[in-house]
Amino acid sequence: FSLVILFSQGCFVYKNGATRATKKTPVKRKRVLTSSSSSLLDQEIICQPFYEAYRQTWSQVNAHIAELQQRSYARTVEHLVNFVAMAKPDELLPTAALLTGINQPDHLSQFDALTRRLHDQQAARVCVLLSRDCSTLKAAVEAMVFGLVEYDAGKIIGVGSGEEEEEHDVVERDHKRLRRSQCTLKQLRSWYENNFPSGHEREQKRRQLVVILPDFEGFSASVLQDFILILSAHSVAMPFVLILGVATAMSAVHGTLPYHVSSKIRLRVFQTQAAPTGLNEVLDKVLLSPRYAFHLSGKTFKFLTHIFLYYDFSVHGFIQGFKYCLMEHFSAGNAFSLCSDYGRALGRIKQLTHIDIECIRRLPSFRQYVEGINDCKRVISVLTDDEYLKKKLPQLLRDCHIHFILFRCALEFLTDLVGDLPHCPLGKLRRELYAHCLNKTLVTSPEFKECWQMLSFLARDEFVAKVKRSLARTEEFLVENVAPLELGQACIALLEPQLKTIYQALNDVFQASMTAKTDKTSPSSTYISQISSRQELKAQILQRSKDDKHRQEENIPTTEFARAVQKTLKLVETHLVQVYLRPLQDAPPIHELFVFDDIATVRRNIIGAPRAALHSALNNPHFYLQCKCCELRDQTHLVGTLPDLTVAYKLHLECGRMINLFDWLQAFQSVLNGGDNVTDDAALEQIDPRIQACFTRAVAELQFLGYIKTSKRKTDHVTRLTW
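Quick caveat: nothing in here was measured; it's all calculated off a predicted structure. (Residues numbered from 1 in each chain as written. Predicted model: local features only at pLDDT ≥ 70, side-chain atom pairs only at ≥ 80, totals over all residues. Heavy atoms only, no water.)

Novice: I'm lost on the overall build of the chain in this one. Help?
Specialist: A tally of helices and strands in the chain yields 31 helices and 10 strands. The 723 residues of the chain split such that 43% are buried. Taking the contacts inside the chain whose residues are at least 6 apart along the sequence as the reference set, 75% of them involve residues at least 24 apart. Carbon together with sulfur atoms contributes 53% to the accessible area of the chain, which is approximately 40700 Å² in total. (Helix = DSSP H or I, 4+ residues; strand = E, 2+ residues; numbered from the N terminus. Buried < 20%, exposed > 50% of the residue type's maximum accessible area, 1.4 Å probe, protein only. Contact = heavy atoms within 4.5 Å. Areas by Shrake-Rupley, 256 points an atom, 1.4 Å probe, with all protein chains shown as cover.)

Structure, rendered in structure tokens:
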């Protein structure tokens, strides 16, 4: 027993990785991630058809977006790589200012692409310094030296996936690294001369030392100035290249760096693609592409774009919002697994169960389909016989696919036709017109009538050129995007006759004359000289003015050219807009399988209501805790088993603008004591120290949450801030 006490009171030394006595070969432990272990879902859910359809759709969309973004980054990255390669050791520090925009998650991925490109070409050693790691000059220098010396060729310093970060943590534990005291510029220079010695023969092997500051505005001005001066002082011995990520404008650089600092750098400005331009590119080529069967409703689409435009300007955030809509859509059931390519959807029809068929029957548009059937026996079969409905599903799916493909083609034509009109009544971007067409009937809107009126006022050459350009763009879209699809030829066969009809009407516009032609049968066309009295003259002039006014209001053409223009616009309206650009309520049956329109769920989960959530948590903690001690029959009740913060919050709701702390404490104590009737004044003034401590902590937490604040008028009172 005494031996056990002796060992329990002993002091033991543990030799960590930095001072281990014997050198051992580090064992790299890799976590093998399988498809089942990488998901938080059960195996039963993963095997469901709806999850398989979701996984395939998202993998295709995500790969397409990644490829598109890589192409958009390629030009800027190429210019920066050339700038780094051409930089030479000099007294002036080579500096590149990259105007990235305010979307922090997006331009971090741009710097990650630049880092990977420099690593692949073995052109430089790269270190990315974030403002949160460089609060002082010493911390900035240590982070830079550590990043450059310990730069692992198999790891890209910057933004990585969760799996890469986890693997890096394991490697970092097993790898012997520099201590903080060793991360100095002297150590960096010694390391650089040993690894990249100077000389004419080895000059080509010397690498640049690239230091990237992605969030320039987040750095302290004094730290940044001293850091640049230090790099400039060592730029002759070590080829430093500084890259600044500027989120606002170049005025921020000029305002942060005074003359004695800016005179030490050779600054060159690079411009990245603007965030709205990047979003429009992703929308036009990926999310609105006819390649994918999934679509967003007009309201949901408009909601996500409003978040982008008025909140964060983050393309990454928009894509994550789209992914959430995709998950919500497919998680509604296996019936939504039909939202895929036409060939795959036909194969999944056989996997549908009775529950899935009933889910299809409950769709709002399915009722309209049943009401359109005249045969009673067919109606009964559709509503009761699952096998009969499965035989009808291929045609219904084909109609939906063709409808959305032709919708996209007509949208291409109309966007090119009205996108550059004055004031852009329908919008100048494809995403704006997409939301307009899905939300309401386009031909009855005043914006559409205004656009048609503007088009009728155009000159002959301008009108013909605009319509021809729209037709050419639509035909190009059919060849590049629609023809490779499984139902592409069927869509082209439906749309080509409409386009040829518009072409013929356009030729009539080109050949029409500008001479006015009046209707001889009209009473206003009679000569005014055929009168017998002054009253008849007055009546004829009044009638003629009324006819002219009616002609202007009804936009009745008076020339052959105007009639030809009106005929062409009427053909576009009847053959394209009314037929293909229909709102969702006029879409084919079971279109709900392809369109996500639950905007309430998206708004509730993407844009939270923190104040409402806090009130629910404090007023009724049982909603989150799910414990019996917090269960209340009425939310206005107060019991001593509630959390202290809840008791203090409920009591503060009963007070006015100014709250007396002592009265608040007395009420708090009475609730915790179970409402015991105490009449003695001395007993009332005697406060249990434990209760007082709980009350003090609850008041401090309410002040931290922003419900109260201390009062300068009365020291023993607090001010209530919310109502």
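The structure having been displayed, the exposition proceeds.
Novice: Looking at this model, I keep getting lost on the sheet that holds strand β2 (residues 124-128). Mind explaining?
Specialist: Taking strand neighbours across the sheet as the criterion, the 5 strands line up as β2-β3-β4-β1-β5 in an open arrangement whose pairing is parallel. Each edge of the open sheet carries a strand with a single partner, namely β2 and β5 (265-271). If you compare each strand with its neighbour and ignore which way they point, the axes differ by 20° on average. Here strand β1 (residues 93-99) runs beside strand β4 (residues 240-246); their pairing, made up of 5 bridges, is parallel. (Pairing = 2+ DSSP bridges. Axes fitted to C-alpha atoms, helices over the stretch in contact; angles between N-to-C directions.)

Novice: Before we go on, may I ask you to explain the environment of Phe240 in this structure?
Specialist: Here Phe240 shows up in strand β4. According to the relative accessible area criterion, Phe240 is buried, its value standing at 2%. Every residue in contact with Phe240, bar those within four places of it in the chain, is listed here: Leu93, Pro94, Met144, Leu148, Leu188, Leu209, Val211, Leu231, His234 and Ser235.

Novice: Could you clarify how one ought to interpret the side chain of Thr719 in this entry?
Specialist: You can see Thr719 is positioned in strand β10 (residues 717-720). What makes Thr719 buried here is its relative accessible area of 7%. With residues near it in sequence (within four places) discarded, Thr719 still touches Arg657, Met658, Tyr707, Ile708, Lys709 and Ser711.

Novice: Can you walk me through the packing of helix α15 (residues 354-361) against helix α18 (residues 386-418) in this structure?
Specialist: Describing two packed helices takes the angle between their axes plus the distance from one axis to the other. Two elements in contact, α15 and α18, have axes separated by 11 Å at closest approach and are oriented at 60°. Classed by the angle they form, the pair α15 and α18 counts as oblique. When you trace α15 past α18, the crossing you get is left-handed. Touching His354, Ile357, Ile360 and Arg361 of α15 are Asp386, Leu389, Lys390 and Leu393, all from α18. Looking at the contact of α15 with α18 residue by residue, the class counts come to 4 nonpolar, 1 polar and 3 charged. (Parallel < 35°, antiparallel > 145°, perpendicular 65-115°, else oblique. Left-handed = near helix turned anticlockwise from the far one by under 90°. Nonpolar A, V, L, I, M, F, W, Y, C, P; charged D, E, K, R; others polar.)

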